[in-house]
Amino acid sequence: MSSNFLSWIVLIPLFSSILLGAMYLYSISVKKIADRYFTFFALLAPMASFFIGFLFFLGLLNGNGEYIYEPYTWLGVNGYIISMGFLGDKLSIFMVLFVTFIGSMIHIYASGYMKGDDGYGKFFSYFNLFMASMLLLVLANSPIIMFIGWEGVGLCSYLLIGFYFTEPLNVVAGNKAFIANRVGDLGFLVGIVYLFFYVGKLGFDYGALEDYVSIVPNHILVIIGISLFIGAMGKSAQIPLYVWLPDAMAGPTPVSALIHAATMVTAGVYMVARFHFLYDLIPHVGVFIAYIGAFSSLFAAIIAMKQTDIKKILAYSTISQLGYMFIAVGLGAYSTGLFHVFTHAFFKALLFMGAGAVIIALHHEQNIFKMGGLRKKIPLIYSVMLVGTLAISGIPPFSGFFSKDEVLLKAYNHNEYLIYGIGLFTAGLTAYYMFRLFFVTFEGKNYKERKMQNISWSMKAPLVILAIGAAFAGFVGFPKIFGGANLIDSWLEAWSGAPTHIEFSADIMLMSVSVLAGLIGISVAYFKFFKYDFNQDIKESGLVYNKFYIDEIIDFLIVRRMRDLSTFVAVVIDDGFIDKTVMSLSNGFINLGRRVGRMQSANTRAYAFFMLVGLSSFSIYLILKLGK
Amino acid sequence: MDIIFLVLALLALFGATSTIMFSNTVHSALGFVVTVLALAGLYALLNATFLFMVQIIVYAGAIIALLLFVIMFLNIQQSHAPKEPNKYLLMLVSAIAIVPFDYLLFKAFYSMSFAGDANITTKDFGNIKMLGNELFKNWILPFEAISLLLLVALIGAVVLARKKERA
Amino acid sequence: MIEVSFMSYILLAIILFSIGIVGVISRKNIFIIYMSLELMLNSINLILVSLSRYFGSMDGQIIAMMVMAIAAAEAVVFLSLIVSLYRLKHSINIDDYNSLKQKGIL
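Cut-offs used in this document
- Residues numbered from 1 in each chain as written.
- Chains lettered and ligands numbered in written order.
- Predicted model: local features only at pLDDT ≥ 70, side-chain atom pairs only at ≥ 80, totals over all residues.
- Heavy atoms only, no water.
- Helix = DSSP H or I, 4+ residues; strand = E, 2+ residues; numbered from the N terminus.
- Buried < 20%, exposed > 50% of the residue type's maximum accessible area, 1.4 Å probe, protein only.
- Contact = heavy atoms within 4.5 Å.
- Areas by Shrake-Rupley, 256 points an atom, 1.4 Å probe, with all protein chains shown as cover.
- Expected span 1.5 Å × (residues − 1).
- Bend = angle between axes of the 7 residues up to and from the residue.
- pLDDT = per-residue confidence, 0-100.
- Buried area = accessible area lost by both parts, 1.4 Å probe.
- Salt bridge = Lys/Arg side-chain N within 4 Å of Asp/Glu carboxyl O.
- Polar contact = N/O pair within 3.5 Å; in protein donor to acceptor, adjacent residues only side chain to side chain.

Some remarks on the overall build of chain B
And step 1. Regarding its fold elements, chain B presents six helices and zero strands.
And step 2. For chain B, the N- to C-terminal ordering of α and β elements is α-α-α-α-α-α.
And step 3. Counting only residues that meet the buried cut, chain B has 38% of its 167 residues in that class.
And step 4. Within chain B, counting contacts between residues at least 6 apart in sequence, those at least 24 apart form 54% of the total.
And step 5. Entry remark: accessible area of chain B is about 9700 Å², with carbon and sulfur atoms responsible for 73%.

What to know about the environment of Gly103(A)
And step 1. Following the sequence through the fold, Gly103(A) ends up in helix 3 (residues 90–113).
And step 2. Along the primary structure Gly103(A) and Ala349(A) are separated by 246 residues, whereas in three dimensions their C-alpha atoms are 9.2 Å apart.

Remarks on helix 15 (residues 334–361) of chain A
Residue and element names in this part refer to chain A.
And step 1. Between its terminal C-alpha atoms helix 15 stretches 39 Å, which fits the 40 Å expected from 28 residues at 1.5 Å a residue.
And step 2. Maximum bend of helix 15: about 30 degrees, positioned at His 344.
And step 3. By the criterion of burial, helix 15 is predominantly enclosed, with 28 of the 28 residues buried.

Considering the confidence of the model for chain C
And step 1. When the pLDDT values of chain C are averaged, the result is 85; 92% of them are 70 or greater.
And step 2. Taken over the whole predicted complex, pTM reads 0.68, whereas the ipTM for its chain interfaces reads 0.87.

Focus on the interface of chain B and chain C
And step 1. Counting residues at the interface gives 84 residues for chain B, matched by 73 residues for chain C.
And step 2. Taking both sides of the interface into account, the surface hidden between chain B and chain C amounts to around 7300 Å²; carbon and sulfur atoms contribute 78%.
And step 3. At the junction of chain B with chain C, the criterion picks out one salt bridge.
And step 4. Between Arg27(C) and Glu84(B) there is a salt bridge, with the nearest N and O atoms lying 3.1 Å from each other.
And step 5. The interface formed by chain B and chain C includes 13 residue pairs in polar contact (both at pLDDT 80 or more).
And step 6. Of all elements in the fold, only helix 1 (2–21), helix 2 (25–45), helix 3 (49–74), helix 4 (87–110), helix 5 (128–138) and helix 6 (140–161) of chain B reach the threshold of two or more residues within the side of chain B that touches chain C.
And step 7. Per-element tally for the side of chain B that touches chain C: the top contributor is helix 3 of chain B, with 13 residues.

Written as structure tokens, this is what we have:
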């Protein structure tokens, strides 16, 4: 497998995106192109990428260390050289595999979900571009190249969240996502620039960085680490930059699935893992990251408990699960974090696509308290959703159990008992709010009967595949303690951090405790919502329902102040000062011109008189100057 | 000599003043003739006999005659004369405005401190022979240039004053 | 015989020159303006001739003669201009010759 095929993993979706975009433009301006042509190219691209990625995976399996492909110098100034480099090592190929796999599933699903939409071609053009950006981010061999992909996913998320841009709310959500990401991107950029300043001369690909990062002074490393993590906060929606993710639900459901499962939000985790050599040198920053993750996870879980919009609940659950991932990567257990990324990708994609199927079936109804009793109507969706919900709740043997448990184990093993406690509590909350969603949607009584819309097979098939994945993906990382191989850990050996030393009995006990927490959450949800009466009024108020008024606080503290500042600049400085100065200057010249123009009276005698005045002034000057 | 100078100077001043004072153009022209003649007399007093002649012939004879001819030709009546209600005010203002320049000129010449009579080397100073010698020995190029200028002025005058042919 | 001081000639010339300037500025009649201009030329000639006499050099007189020649040329052109202008405007008021006046602004 020649390493230059690495670039084709990125280029195929990119070219496909361009092709689809051109076709779409042709379609809307010249002649309508049937949807099936769009579908063909749109589905082909991620699958082809997956296929190439799989070939590289086989290559790595056969003992190749890593693939590096540097086709050309992207920037070269005075000895500072940044190559357009692709790196295919175990981490990036691992990411490529599940990104393209989940991405392909979501593409197939989207071809059913978006059927008949006016912007079908445009949607898939964006989708493929999203894939290309994410793959570039993953495969980049230098932080600068990674930043291209980093910005690319930001752009695509903006385009897709605001996909139905005729609705002002969607546009606002898109802007919010873009701006919150921008704040994070600034942090990321600051980190890169700092890093470049210190080691850029020695080469700026990951290999060189790993070799030379130790020459950077420690306090600078802390700044770099925190700056990069601010970037991760923005992309991976951690406190305080998480606000965009719940609003990102404005986009079509496949977009949410793509953002939450395969692409965007995992970028932050991936980036921290990619910079593991840097974070290994500053473990206290890692602990800080872990705490941010823990609190994000708790905070989002609490908010999710009171939400009524099915997609919003899932969005907050994503923030919560991302928190777990950051706990793991913050504590140096990168492989564990990536394991959770991996399992999460399966069950979150499954849950979102299941929710999308429910929404489609109910003619775009998103409020779970207006659903109910769907078990008998859409049994397939019911069963796959059950698998997903069990997986996210951490019930063995579903995938979520293994990864989440391992995260908690790592926290316990690092003696971070507060983080462990928060994680455990959040696990219980997760089980509660997920089963609240599940029961209210599929069970209950006194629900309104309604006509259902058929769900096409193109939507059902990926759901089934993902359900299998969600159920069994966890076995990839089957703990060694039970005699498993933990393939993830051995595959990502370089990223697995300090080995865990824990007694067998203690491990069993920890697992039991977390399973118990999940079971408690489920039973509370069962008693409260299994026989939920849909006749009662829905309570949509309170501190938690309103997400702790974080949006309002941000609006008050930042948005309004910015608006005031802008108004001040626009009205006082621009209108009042700059415009006025410029206008009065120009008016002054016009008036001056008018006055001077009046002298141009074509009156010869006046001209002669001016001459005479000049002559006498000159004479007076000379008389005074020369004296008597 | 003094008396002659005095009379001629007064005549010149009288003529100049009447030139700019009269509202009738023809009267002004006649005033100007007086000045020109008085100046010719002064040239004679200054031994410039040839210039005395030229002044009378060119100015009084040609220029003023041409001027009067044009006035007659255009048949300008007293009624054509423009209304000048604040003529005297303007005269006063401009007379005051010119005083510094006059003072400066006067100072300049005064500082040359002309003393007594000048040194006339030859008896025929200023007569036509001497002037002709000087003119055709040392001033031949300017002289030719002036003759060319006169030719151009002649042609220009014909072109300018010609009646436009209706196309 | 007492010679008149040269300063008397100079003074006379200066006064005539000033009268010429006053005439140019204060009068509207184009013929009178023309005569005022000629008056100024004449006063300069007077200075030239008197200085020629004082320094015993013919140069001043020659220049004065050339000034006269130029005045003659000027007279010809000027009067032909007046003729064509009078045909155009039917006026000898110099204030009427204002075709180049700036009209509206902006």
